[in-house]
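# Structural overview
Below are the chains, spelled out letter by letter.
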Amino acid sequence: ATHPLNTAHAGVLKIALTATDNAGNTASLSQSVTVEKATPAVNWATPAPITFGTKLTSTQLNATASVPGSFVYTPAAGTVLQPGMQTLSVTFTPTATADYVAVTKTVTISVLLNQACVTGTQTGPVTVAKGKTFCVAPGGKVTGPITIQAGGALYVNGGMVTGVIGAVNPTAITFCNATVTAAIGITGATGQILIGG
């Protein structure tokens, strides 16, 4: 017998065979075959690098699958990632859960700083314009006030700031292992404000 099995759906297929020889003798045989759930193909190209302060959007969170279903991303759209190589994850759940398994896939994305970090001592007032990130790295010290304009970002990692810090609608601000000895005033941030951690 050469009849094809219908494996379009997962489950148990019951096969029954009856054979008759030339003398008229007959025999029967039955068997069960399990069709396992299929694994859909999930494709997700490595996203292009982004600048610190940029929120995740569908430009980065754009996985596709070979069957209909839904995607859940971690971190979610709207998240501002910290500088460095970061991992993005997606879980795809097929609409036809009876026939397909869920799939999880990860990619990495590079989060860049668009200006060189201060690693020495800088004095005088600093103004961070829209679309720019002011960075103070380990060993860096800023003694003047820092003003972050709307759309600007501040990243202080292991550095020191002794001037007043003021920001209105920044895209992101991070103080990590930092020493800040003056007042910090932040109003209406559009992204994550991280102090410590």
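### Overview of the nonpolar core
By size, the foremost hydrophobic cluster in this structure holds 22 residues, and its most contacted members are W44, F52 and L88. Of all the secondary structure elements, the ones that give two or more residues to this core are β7 (84-94), β8 (103-112) and β14 (153-157). Per-element accounting of this core gives the leading share, four residues, to β8. When residues no more than four places from it in sequence are discounted, the contact partners of L88 are W44, P47, L56, L61, T74, P75, L81, K105, T106, V107 and I109. Counting 15 residues, the second-largest nonpolar core is a separate cluster that includes V118, V136, I148 and V156.

### Let's talk about the sheet that holds β8
Pairing is mixed across the open sheet formed by four strands, whose spatial order is β4-β8-β7-β6. This sheet does not close on itself; its edge strands, each paired only once, are β4 (50-51) and β6 (69-74).

### A closer look at the pairing of strand β17 (residues 172-176)
Counting buried positions along β17 yields five of five residues, so the element is predominantly enclosed. Across five bridges, the pairing between β14 and β17 is parallel. Residue pairing in the sheet places Y155 in a bridge with T174 of β17. The pairing of β17 with strand β20 (residues 193-195) spans three bridges and is classified as parallel. Note that in β20 the partner of F175 across the bridge is I195.

### Side note on the sheet that holds strand β13 (residues 146-148)
What the four strands build is an open sheet, ordered β10-β13-β16-β19; its pairing is parallel. Every other strand in the sheet has two partners, leaving β10 (126-128) and β19 (184-187) as the edge strands with one partner each. Pairwise comparison of adjacent strand axes, ignoring direction, gives a mean angle of 10° for this sheet. Bridge analysis of β13 against strand β16 (residues 165-168) gives three bridges, and the strand direction is parallel. Within β16, the residue paired with T147 across the bridge is G166.

About the thresholds
- Residues numbered from 1 in each chain as written.
- Predicted model: local features only at pLDDT ≥ 70, side-chain atom pairs only at ≥ 80, totals over all residues.
- Heavy atoms only, no water.
- Core = buried A, V, L, I, M, F, W, Y, C linked by side-chain atoms within 4.5 Å.
- Buried < 20%, exposed > 50% of the residue type's maximum accessible area, 1.4 Å probe, protein only.
- Helix = DSSP H or I, 4+ residues; strand = E, 2+ residues; numbered from the N terminus.
- Contact = heavy atoms within 4.5 Å.
- Pairing = 2+ DSSP bridges.
- Axes fitted to C-alpha atoms, helices over the stretch in contact; angles between N-to-C directions.

Geometric descriptors of this kind do not, in isolation, establish any biological role.
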